[in-house]
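Here is what each chain is made of, one letter per residue.
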Amino acid sequence: MTIFLPPKLNSLPTTLPIEGAVRIDLEEGIPVFRASTTVQSRIEELLAKQQKTPLSAEEEKELDCYEEIDDYISFVNRTIRNLAVASNQKV
């Protein structure tokens, strides 16, 4: 049996709120983790700014950190869904 480890996070954005950064939705009885609307708004703000002007080094780092977090959350969601699907197939 192969065990996949979650990606390593090197840092968190300084703008990431400690509380309320992630929300949990239920899809077909399976919890799905998503960035909160506050975090999504900040990412959209950075992406919109990036389309108009170059981001500062600090903003680039912040956006990179959000991308790492997104990768991490995606990994967790895939793992949870795969486990749920596998356990349903065994029943």
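Our subject is the structure that appears above.
Residues numbered from 1 in each chain as written. Predicted model: local features only at pLDDT ≥ 70, side-chain atom pairs only at ≥ 80, totals over all residues. Heavy atoms only, no water.

Mapping Val22 onto the fold places it in strand 1 (residues 22-27). Taking the C-alpha atoms as reference points, Val22 and Thr37, 15 residues apart in sequence, are found 8.7 Å from one another. Excluding anything up to four places from it in sequence, Val22 contacts Phe33, Arg34, Ser36 and Ile73. (Helix = DSSP H or I, 4+ residues; strand = E, 2+ residues; numbered from the N terminus. Contact = heavy atoms within 4.5 Å.)

One finds Leu16, Ala21, Val39, Leu46, Leu55, Leu63, Tyr66, Ile69 and Ile73 forming the largest nonpolar core, which totals nine residues. Those elements that provide at least two residues to this core are helix 1 (37-52) and helix 2 (57-90). Among the elements that make up this core, the one with the highest residue count is helix 2 (four residues). Residues within four places of Ile73 in sequence aside, it is in contact with Val22 and Phe33. (Core = buried A, V, L, I, M, F, W, Y, C linked by side-chain atoms within 4.5 Å. Buried < 20%, exposed > 50% of the residue type's maximum accessible area, 1.4 Å probe, protein only.)

Let's shift gears to the side chain of Asn77. Checked against the element boundaries, Asn77 lands in helix 2. Note on Asn77: relative accessible area 18%, which makes it buried. Within the structure, the side chain of Asn77 is placed 2.8 Å from the backbone oxygen of Phe33, a separation counted as a polar contact. When near neighbours in sequence (up to four residues on either side) are disregarded, Asn77 contacts Pro31, Val32 and Phe33. (Polar contact = N/O pair within 3.5 Å; in protein donor to acceptor, adjacent residues only side chain to side chain.)

Turning our eyes to something else, we now look at the pairing of strand 1. Sheet topology places strand 1 next to strand 2 (residues 30-35); six bridges connect them, and they run antiparallel. Paired with Val22 across the strands is Ala35, a residue of strand 2. As consecutive antiparallel partners, strand 1 and strand 2 are separated by two residues, and within that stretch Glu28 has a phi angle of approximately 55°, a positive value. (Pairing = 2+ DSSP bridges.)

For Glu28, which is not a glycine, the phi torsion comes out positive at approximately 55°. Secondary-structure assignment places Glu28 in the loop between strand 1 and strand 2.

Residue placement: Asp25 occurs in strand 1. For the pair Asp25 and Gln50, spaced 25 residues apart in the sequence, the C-alpha separation amounts to 30 Å. With residues up to four places along the chain from it excluded, the contact list for Asp25 reads Ile30, Pro31, Val32 and Arg34. One polar contact links Asp25 to Arg23, side chain to side chain, over a distance of 3.1 Å.

When their charged atoms lie close together, side chains carrying opposite charge are able to pair. Enumeration according to the criterion identifies seven salt bridges in this entry. Asp25 is the salt-bridge partner of Arg34, the closest N and O atoms lying 2.8 Å from each other. Where Arg34 meets Glu27, a salt bridge forms, and the shortest distance between an N and an O atom there is 2.5 Å. Take Arg34: its relative accessible area is 27%, and that puts it in the partly exposed class. One continuous salt-bridge network, built from bridges that share partners, spans Arg23, Asp25, Glu27 and Arg34. (Salt bridge = Lys/Arg side-chain N within 4 Å of Asp/Glu carboxyl O.)

These figures come from the coordinates and say nothing about function on their own.
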